[in-house]
Amino acid sequence: MNPSTSRSSLGLACAIILAGLNLRPCLAAIGPLLEPIRHATGIRFSDAALLTTLPIAAMGAGAFAGSRLEAWLGARGGVLLALALILLSCALRLSPPGYPALLATALLAGCGIALAQALLPGLIKHHFPDKVSLLMGLYVTAIMGGASLAAAGAPWLAQASGQWQLGLAVWALPAALGCCLWWRNAPAATGGSAPASAAASPSRLPRAWLLAGYFGLGTAVYTCSLAWLPPFFVQLGWSGQQGGLMLSYMTGMEVLAGLTLPALSARGPDLRGWLALALCFTLAGLLGMVALPQDQLMLLWVGLLGLGVGGLFPLSMILTLSHLDDSRAAGQLTAFVQGIGYLIAACAPFFAGWLRDVTASFSLAWLALAGAVALLLLLTARFAPQRYRLAMRLA
């Protein structure tokens with residue numbers, strides 16, 4: 001590889017990582033600020049859940065349009081549009097507070113996140129074919145790092161400024177930086193390519209549906225934690241700032257797992273052991289928060305939850321990409337898996353918020369998620385690498 005190509009690849013990798021950093025702050029900032037938001041708008045927990053559920057659902061629905069938008073805009077224009085939508089959604093949150101306005105910005109952010117997540121994994125597969133695990137690990141780690149920054153920074157900014165809207169709107173700044181870096185380093189536009197044929201549609205493959213369900217249930221744990229972990233600690237008597245710091249701590253552990261587990265898993269093609277390890281961490285964290293919710297043990301339970309969720313997300317993406325060698329087909333499969341998966345995961349925060357309204361506790365929600373994780377442990381045995389080709393034979 002010549003020096004100019006090496007610099008170009010490094011620039012593209014940095015642009016991908018910064019794009020990933022912008023994909024969660026608009027969601028992660030909501031939970032730590034939920035009490036002032038509820039006080040200002042008078043909404044219930046189930047209503048507040050829509051601020052997370054709606055963008056997650058938009059992410060799922062928008063993922064299906066990724067291949068068509070890539071054909072129209074190219075990866076360069078598509079990701080740039082995605083970052084611009086995120087920037088706009090955050091900036092608009094500086095406007096006078098109101099629940100409908102918050103819902104509208106959540107939907108706008110979800111569309112941007114969906115578009116970026118539909119395009120970036122296939123782009124990684126195409127431009128870094130020998131470093132998929134490394135780049136996916138860094139990309140997903142950046143996603144989690146953005147969530148951690150927002151969880152810790154949003155309540156601090158809101159308290160320092162006396163305006164909770166600032167804690168939501170400030171994340172337009174890294175989105176603007178992401179737009180600039182992407183414009184400078186993104187690959188040349190290649191719009192005009194035809195969408196994949198109907199014969200290659202992942203919807204015809206049982207394995208694609210299995211991967212989508214697997215990803216969706218795993219992501220449901222993450223979306224519920226993102227939405228309800230800070231309110232859970234407020235319910236236990238902690239302050240909103242402390243609840244935000246615990247979410248930040250959880251996402252920090254996600255970053256640690258996102259950096260290490262994908263790199264370790266790259267040593268061999270079989271991901272089942274690493275997936276099972278991540279799921280066991282997740283299960284232990286969920287059950288611990290319900291069974292032993294003492295303050296002195298919460299760092300352990302939340303840390304285990306973060307390690308599990310942080311490892312499960314990138315490993316699920318690597319698992320999906322590993323099923324196909326062709327980058328375009330792998331990108332299409334990833335978009336399908338994320339589309340169905342996020343639609344599944346979008347239901348979880350609303351269901352958990354409804355349970356909180358009915359029972360005045362988050363315990364049943366954590367137990368329901370623990371049951372979903374136990375099911376994923378059983379399904380993990382089906383992902384033997386020697387069966388990938390047979391499972392994807394129609395593709």
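Residues numbered from 1 in each chain as written. Predicted model: local features only at pLDDT ≥ 70, side-chain atom pairs only at ≥ 80, totals over all residues. Heavy atoms only, no water.

Draft legend 1. Looking closely at the overall build of the protein. A tally of helices and strands in the protein yields 16 helices and zero strands. Relative to a compact globule of 395 residues, whose C-alpha radius of gyration would be 21 Å, the protein shows 20 Å and is just as compact. Judged by the C-alpha coordinates and their principal axes, the protein covers about 55 × 45 × 40 Å. Looking at the 395 residues of the protein, the share that counts as buried comes to 57%. Counting only contacts in the protein whose residues sit at least 6 apart along the sequence, the fraction spanning at least 24 positions is 84%. Counting every atom, the protein has about 15,200 Å² of accessible surface; 67% of that belongs to carbon and sulfur. Both charge centroids of the protein, one from 20 positive and one from 10 negative side chains, sit 8 Å from each other. (Helix = DSSP H or I, 4+ residues; strand = E, 2+ residues; numbered from the N terminus. Rg over C-alpha atoms; globule rule 2.2 N^0.38 Å. Buried < 20%, exposed > 50% of the residue type's maximum accessible area, 1.4 Å probe, protein only. Contact = heavy atoms within 4.5 Å. Areas by Shrake-Rupley, 256 points an atom, 1.4 Å probe, with all protein chains shown as cover. Lys, Arg positive; Asp, Glu negative; His and termini not counted. Charge placed at Lys NZ, Arg CZ, Asp CG, Glu CD.)

Draft legend 2. Seen up close, the environment of Gly273. Turning to its location among the elements, Gly273 is positioned in helix H12 (residues 272-291). Note: C-alpha distance between Gly273 and Thr380 (107 residues apart in sequence) is 8.6 Å.

Draft legend 3. Broad picture of helix H4 (residues 45-63). When the terminal C-alpha atoms of H4 are compared, their 27 Å separation across 19 residues agrees well with the 27 Å that a helix rising 1.5 Å per residue should span. Taking the largest bend as the criterion, H4 deviates by roughly 35°, centred on Leu51, and proline Pro55 comes between one and four positions later. Among the 19 residues that make up H4, 14 are buried, leaving the element largely enclosed by the rest of the structure. (Expected span 1.5 Å × (residues − 1). Bend = angle between axes of the 7 residues up to and from the residue.)

Draft legend 4. Just helix H14 (residues 327-359), in detail. In this model, H14 (33 residues) spans 47 Å end to end at C-alpha, consistent with the 48 Å of a helix rising 1.5 Å per residue. Phi for Ala360, located one or two positions after H14, is positive at around 60°.

Draft legend 5. Main features of the pattern of salt bridges. Using the criterion set out here, one finds three salt bridges in the structure. Here Asp47 makes a salt bridge to Arg44, at a shortest N to O gap of 3.3 Å. Between Arg272 and Asp270 there is a salt bridge, with the nearest N and O atoms lying 2.8 Å from each other. The exposure class assigned to Arg272 is partly exposed, which follows from its relative accessible area of 25%. Taking relative accessible area as the criterion, Asp270 reaches 32% and is therefore assigned partly exposed. (Salt bridge = Lys/Arg side-chain N within 4 Å of Asp/Glu carboxyl O.)

Draft legend 6. Up close: the nonpolar core. Trp182, Trp228, Met289 and Trp366 are the most contacted members of the largest nonpolar core, which totals 129 residues. In terms of residue count, helix H10 (residues 206-235) provides more of this core than any other element does, 16 residues in total. Those residues in contact with Trp366 that sit more than four places away from it in its chain are Cys224, Ser225, Trp228, Leu229, Phe232, Leu286, Met289 and Val290. (Core = buried A, V, L, I, M, F, W, Y, C linked by side-chain atoms within 4.5 Å.)

Draft legend 7. Structural detail: the environment of Val309. Position of Val309 relative to the elements: it lies in helix H13 (residues 295-322). For Val309 and Leu33, which are 276 residues apart along the polypeptide, the C-alpha to C-alpha distance reads 22 Å. Val309 has contacts with Met144, Val221, Tyr222, Glu254 and Thr282, leaving out every residue within four places of it along the chain.

Draft legend 8. Layout of the side chain of Thr334. Within the secondary structure layout, Thr334 lies in helix H14. A polar contact of 2.8 Å, which involves the side chain of Thr334, links it to the backbone oxygen of Ala330. Apart from residues no more than four positions distant in its own chain, Thr334 is found in contact with Pro121, Met317, Thr320 and Leu321. (Polar contact = N/O pair within 3.5 Å; in protein donor to acceptor, adjacent residues only side chain to side chain.)

Draft legend 9. Representation of the packing of aromatic side chains in the model. Inspection of the entire model under this criterion finds 13 aromatic pairs. When the centroid spacing of 6.2 Å and the interplanar angle of 85° are considered together, the rings of Phe45 and Phe362 count as edge-to-face. Here Phe45, found in helix H4, pairs with Phe362, found in the loop between H14 and helix H15 (363-380); they are 317 residues apart in sequence, far enough to count as distant. On the basis of relative accessible area, Phe45 is assigned to the buried category, the value being 8%. Given a relative accessible area of 1%, Phe362 falls into the buried group. An aromatic cluster is present here, built from Phe45, Trp228, Phe232, Phe233, Trp238, Phe362 and Trp366 joined pairwise through their rings. One cation-aromatic arrangement involves Arg38 over Phe45; the distance from NZ or CZ to the ring centre is 4.2 Å. When the ring centre of Trp183 is taken as reference, the NZ or CZ atom of Arg76 above it lies at 4.5 Å. (Phe/Tyr/Trp six-rings, centres within 6.5 Å; stacked < 30°, edge-to-face > 60°. Lys NZ or Arg CZ within 6 Å of the ring centre and 35° of its normal.)

Draft legend 10. A look at the packing of H12 against H13. Packing of H12 against H13 leaves a shortest axis separation of 7 Å and a crossing angle of 150°. In the crossing of H12 with H13, the sense of the turn from one axis to the other is left-handed. (Axes fitted to C-alpha atoms, helices over the stretch in contact; angles between N-to-C directions. Left-handed = near helix turned anticlockwise from the far one by under 90°.)

Draft legend 11. A look at the side chain of Thr251. Of note, Thr251 is situated in helix H11 (residues 240-265). On the basis of relative accessibility, which here comes to 0%, the residue Thr251 falls in the buried class. One polar contact links the side chain of Thr251 to the main-chain carbonyl oxygen of Ser248, over a distance of 2.8 Å. The residues touching Thr251, leaving out its near neighbours within four places in the chain, are Met144, Ala147 and Ser148.

Draft legend 12. Quick look at the environment of Pro155. Its location among the elements puts Pro155 in helix H7 (residues 132-161). In this structure, the C-alpha to C-alpha distance between Pro155 and Leu168, residues 13 residues apart in sequence, is 9.2 Å. Non-local contacts of Pro155, meaning those with residues more than four positions away in its chain, are made with Pro32, Leu33, Ala150 and Gln241.

Draft legend 13. Representation of the state of the cysteines. For the structure on display, the rule yields zero disulfides. Note on Cys224: no disulfide assigned, nearest cysteine sulfur contributed by Cys347 at a separation of 10 Å. For Cys224, a relative accessible area of 2% corresponds to the buried category. (Disulfide = S-S within 2.5 Å.)

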